[in-house]
Amino acid sequence: MATEENKDIKEIIEEVEEKLEEQNQLDEQSEEEIEEQTVEQLLEAKVLKLEEEVKSSEDKYLRLYAEFENFKKRKNQEIETNNKYKSQKIVSEILPSLDNLERALQSTEETEATTALLKGVQMVYEGLQHALKSEGVEVIEPTGEAFDPNYHQAVMQEEDSEKESGIVLDTFQKGYKLKDRVIRPAMVKVNS
């Protein structure tokens, strides 16, 4: 009987060992599955994080690109404006001399002695006017037109019943504009 009991115990031990071995195998499989799931989850999280970083970097790039394009447009516009009005300073400095030449031509009486001189002054005056015109300078001579404070500077008012109110009666000093920018407004007398 003892041998039978030993056999039964051995069988029970073997069964227990088999069950333990099966349990160990199941445990190992579960651990592997858990590890696989954890690795997958980690990889998915990492992929999501990298996608967010790519999106953020792409957004920064697009913003910088747009900012750079705006900067280029502003610079090109600045350069265009500078080129358009590059001669404004020199024109402003020449205008008083042009006014003096004009006054000299108007105030001097032509005699035999001054004819050649007046002709020379006239040629210089016309040459300056031509040079200024080639740069885009236009004369503002508003006599008889409606007063416009953008182009005219009223220095006097006078009442003339034959003309409408706000009409320029006389121009004391010509105005000038370079392309579309007023360099010097015309000094005028306006009808009140």
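What counts and what doesn't
- Residues numbered from 1 in each chain as written.
- Predicted model: local features only at pLDDT ≥ 70, side-chain atom pairs only at ≥ 80, totals over all residues.
- Heavy atoms only, no water.
- Helix = DSSP H or I, 4+ residues; strand = E, 2+ residues; numbered from the N terminus.
- Rg over C-alpha atoms; globule rule 2.2 N^0.38 Å.
- Buried < 20%, exposed > 50% of the residue type's maximum accessible area, 1.4 Å probe, protein only.
- Contact = heavy atoms within 4.5 Å.
- Areas by Shrake-Rupley, 256 points an atom, 1.4 Å probe, with all protein chains shown as cover.
- Phe/Tyr/Trp six-rings, centres within 6.5 Å; stacked < 30°, edge-to-face > 60°.
- Lys NZ or Arg CZ within 6 Å of the ring centre and 35° of its normal.
- pLDDT = per-residue confidence, 0-100.

Focus: the overall build of the protein chain
A count of helices and strands for the protein chain gives 3 helices and 6 strands. The order of helices and strands in the protein chain, counted from the N terminus, is α-α-α-β-β-β-β-β-β. In terms of C-alpha radius of gyration, the protein chain reaches 48 Å, well past the compact-globule figure of 16 Å for 192 residues. Along the first, second and third principal axes, the C-alpha atoms of the protein chain reach 165 × 45 × 15 Å. Relative to its full complement of 192 residues, the protein chain shows a buried share of 18%. The contacts of the protein chain with a sequence gap of at least 6 include a subset with a gap of at least 24, amounting to 63%. Roughly 15500 Å² of accessible area belongs to the protein chain as shown, and the carbon and sulfur atoms make up 51% of that amount.

Let's talk about the packing of aromatic side chains
Under the definition given, this model contains 1 aromatic pair. Note on Tyr61 and Tyr65: the rings are 6.2 Å apart at their centroids and 25 degrees apart in plane angle, and the pair reads as stacked. Of this pair, Tyr61 and Tyr65 are both found in helix H1 (residues 2-84), 4 residues apart, which corresponds to roughly one turn of the helix. Exposure remark for Tyr65: the relative accessible area of 44% places this residue in the partly exposed category. Against the face of Tyr85 rests Arg181, its NZ or CZ located 3.7 Å from the ring centre.

Some points on the environment of Lys119
Structurally, Lys119 can be placed in helix H3 (residues 115-134). Along the primary structure Lys119 and Lys179 are separated by 60 residues, whereas in three dimensions their C-alpha atoms are 30 Å apart.

Side note on unusual backbone geometry
Most of the time, phi is negative for any residue but glycine, and the peptide bond is trans. Unusually for a residue other than glycine, Lys179 sits at a positive phi of about 55 degrees. Checked against the element boundaries, Lys179 lands in the loop between strand E4 (175-178) and strand E5 (181-184). Residue Lys179 is classed as partly exposed on the basis of its relative accessible area, which comes to 32%.

Quick look at the confidence of the model for the protein chain
Chain-level statistics for the protein chain give a pLDDT mean of 85 and a share of 90% at 70 or above. Highest mean pLDDT in the protein chain belongs to E4 (92); lowest belongs to H1 (82).

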